[in-house]
Number of protein chains: 2
Amino acid sequence: MTIRSAEPTLHHMVNYYRQLDQTFAALADPTRRAILARLDRQDGVSVSELARPFAIKLPAVMKHLDVLDDAGLITRSKAGRVVTVRLSAEPIKEAMNWLRRYERVGSGRLDRLAAYAGDEEASQSD
Amino acid sequence: MTIRSAEPTLHHMVNYYRQLDQTFAALADPTRRAILARLDRQDGVSVSELARPFAIKLPAVMKHLDVLDDAGLITRSKAGRVVTVRLSAEPIKEAMNWLRRYERVGSGRLDRLAAYAGDEEASQSD
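Every value quoted in this text rests on a predicted model; they were computed, and no experiment measured them. (Residues numbered from 1 in each chain as written. Chains lettered and ligands numbered in written order. Predicted model: local features only at pLDDT ≥ 70, side-chain atom pairs only at ≥ 80, totals over all residues. Heavy atoms only, no water.)

Describing the packing of aromatic side chains
All names here are of chain B. Applying the stated rule across the entire model yields 7 aromatic pairs over all chains. With 6.3 Å between their ring centres and 70 degrees between their planes, F24 and W98 make a pair best called edge-to-face. Residue F24 is found in helix α1 (residues 2–27), and its partner W98 is found in helix α5 (residues 90–103); the two are separated by 74 residues along the sequence. Here F24 and W98 have matching classes, each one buried. Between the aromatic rings of W98 and Y102, the centroid separation amounts to 4.8 Å while the plane-to-plane angle is 40 degrees, which identifies the pairing as tilted. Linking W98 with Y102, this pair stays in helix α5, spanning 4 residues, or about one helical turn. As far as the burial class goes, W98 and Y102 line up, both buried. (Phe/Tyr/Trp six-rings, centres within 6.5 Å; stacked < 30°, edge-to-face > 60°. Helix = DSSP H or I, 4+ residues; strand = E, 2+ residues; numbered from the N terminus. Buried < 20%, exposed > 50% of the residue type's maximum accessible area, 1.4 Å probe, protein only.)

If you want it as structure tokens, here you go:
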């Protein structure tokens, strides 16, 4: 019973790991980060408008958009011939949650050191 | 003169982009994230101890450590035959700083909307 009930949890964890893999891989490129920055400044930008500032061709921009879309970092909607791109920040929040514990590195270790020092003090006063 | 003084800034920016590329690429792998999590729990772990929980061979672990080291996420020090690995969180802080503005997506847009609404209100009361 324990094993059965653990299965969905494992499935969830595998998906969570895969999501983090995709998010960080998508962020590991300056053009893709610039696209996200543009979408943060302006909600709903057409693909051709998005591509304009970059020194790369439209098909290359489309490939970057595919990577961002696969990672869930953008959504694309089509109206006639115009594809509008929007930012979708949920994966970024999950990445932040993963990173947060490292932000103040050594804090966990300092806590343990403080606890140890406290124990030493207590044993000395015995 | 303006162009000359801009050069170090450009150089700094290129380094900053490259650092973010390396940090996010290093984080895009579950084994490397597990190594960082282990180093956060325990300061100074030998390579063989680090490798133990993983179902991959030592040379594969060494390759992951190289990637983490190149990204500045770990430091390695050698004493005799033992290589001790430590977490180095500075690149994570930079990644967090980059991600932070997306955490509350739409917040920037909401601010602008609020500013626009305020302007509208002001012009109506004129």
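There's more to say after this.
Some remarks on the side chain of S46(A)
Looking at the secondary structure, you find S46(A) in strand β1 (residues 45–46). Discounting residues that sit within four places of it in the chain, S46(A) has contacts with V82(A), V83(A) and T84(A). (Contact = heavy atoms within 4.5 Å.)

Structural notes on the relation of the copies chain A and chain B
Superposing chain A onto chain B takes a rotation of 180 degrees combined with a translation of 0.0 Å along the rotation axis, leaving an RMSD of 0.0 Å. On this basis, the relationship between the two copies can be described by a two-fold rotation axis. Of the interface residues in chain A, 100% have counterparts in chain B that sit at the interface too, so the contact is made through matching surfaces. (Least-squares fit on C-alpha atoms with pLDDT ≥ 70 in both.)

A look at the pattern of salt bridges
In total, this model carries 11 salt bridges over all chains according to the counting rule given. A salt bridge links R33(A) to D21(B); its shortest N-O distance comes to 2.8 Å. Remark: D21(B) occurs in helix α1 and R33(A) occurs in helix α2 (residues 30–41); the pair is interchain, linking two chains. Ionic pairing is found between D66(A) and R76(A), a salt bridge with its closest N-O pair at 2.9 Å. Note that D66(A) is positioned in helix α4 (residues 58–70) and R76(A) in strand β2 (residues 74–79), a separation of 10 residues in sequence. (Salt bridge = Lys/Arg side-chain N within 4 Å of Asp/Glu carboxyl O.)

Some points on the packing of α2(A) against α4(A)
A pair of packed helices can be characterised by two numbers: the angle between their axes and the separation between those axes. All names here are of chain A. At a minimum axis separation of 10 Å, α2 and α4 run at an interaxial angle of 70 degrees. As summarised for this structure, α2 and α4 are arranged roughly perpendicular, according to the angle between their axes. Packed against α2, whose contacting residues are T31, R32, I35 and L36, the element α4 presents H64, L65, V67 and L68 at the interface. For the contact of α2 with α4, the per-class residue count stands at 5 nonpolar, 2 polar and 1 charged. (Axes fitted to C-alpha atoms, helices over the stretch in contact; angles between N-to-C directions. Parallel < 35°, antiparallel > 145°, perpendicular 65-115°, else oblique. Nonpolar A, V, L, I, M, F, W, Y, C, P; charged D, E, K, R; others polar.)

Comments concerning the interface of chain A and chain B
Contact with chain A, which involves 32 residues of that partner, is made by 32 residues of chain B. For the pairing of chain A and chain B, the buried interface totals around 3,100 Å² over both sides, and the portion due to carbon and sulfur atoms is 62%. Scanning the region where chain A abuts chain B turns up 6 residue pairs in polar contact (both at pLDDT 80 or more). Listing elements by their share of the side of chain A that touches chain B, those giving two or more residues are α1 (2–27), α2, α5 (90–103) and α6 (107–125) of chain A. If you tally residues by element for the side of chain A that touches chain B, the top one is α5(A), at 10 residues. Looking at the side of chain A that touches chain B, its residues break down into 19 nonpolar, 1 polar and 12 charged. (Buried area = accessible area lost by both parts, 1.4 Å probe. Polar contact = N/O pair within 3.5 Å; in protein donor to acceptor, adjacent residues only side chain to side chain.)

Re the sheet that holds β2(A)
All names here are of chain A. Judged by pairing direction, the sheet is antiparallel, and its 3 strands sit side by side in the order β1-β3-β2 without closing on themselves. This sheet does not close on itself; its edge strands, each paired only once, are β1 and β2. For β2 and strand β3 (residues 82–87), the ladder comprises 6 bridges, and the chain directions are antiparallel. Of the residues in β3, the one forming a bridge with A79 is V82. (Pairing = 2+ DSSP bridges.)

Notes on the sheet that holds strand β3 (residues 82–87) of chain B
Residues and elements named next belong to chain B. Pairing in this open sheet of 3 strands is antiparallel, and the strands run β1-β3-β2 from one edge to the other. Whereas interior strands pair on both sides, the edge strands pair on one side only; in this sheet they are β1 (45–46) and β2 (74–79). Sheet strands in contact with helix α2 (residues 30–41) are β1, β2 and β3, and its direction is about 90 degrees off that of β3. Contacts between helix α4 (residues 58–70) and the sheet are confined to β2 and β3, with β2 contributing the most and set at about 120 degrees to the helix.

Nothing here speaks to function; it is geometry throughout.
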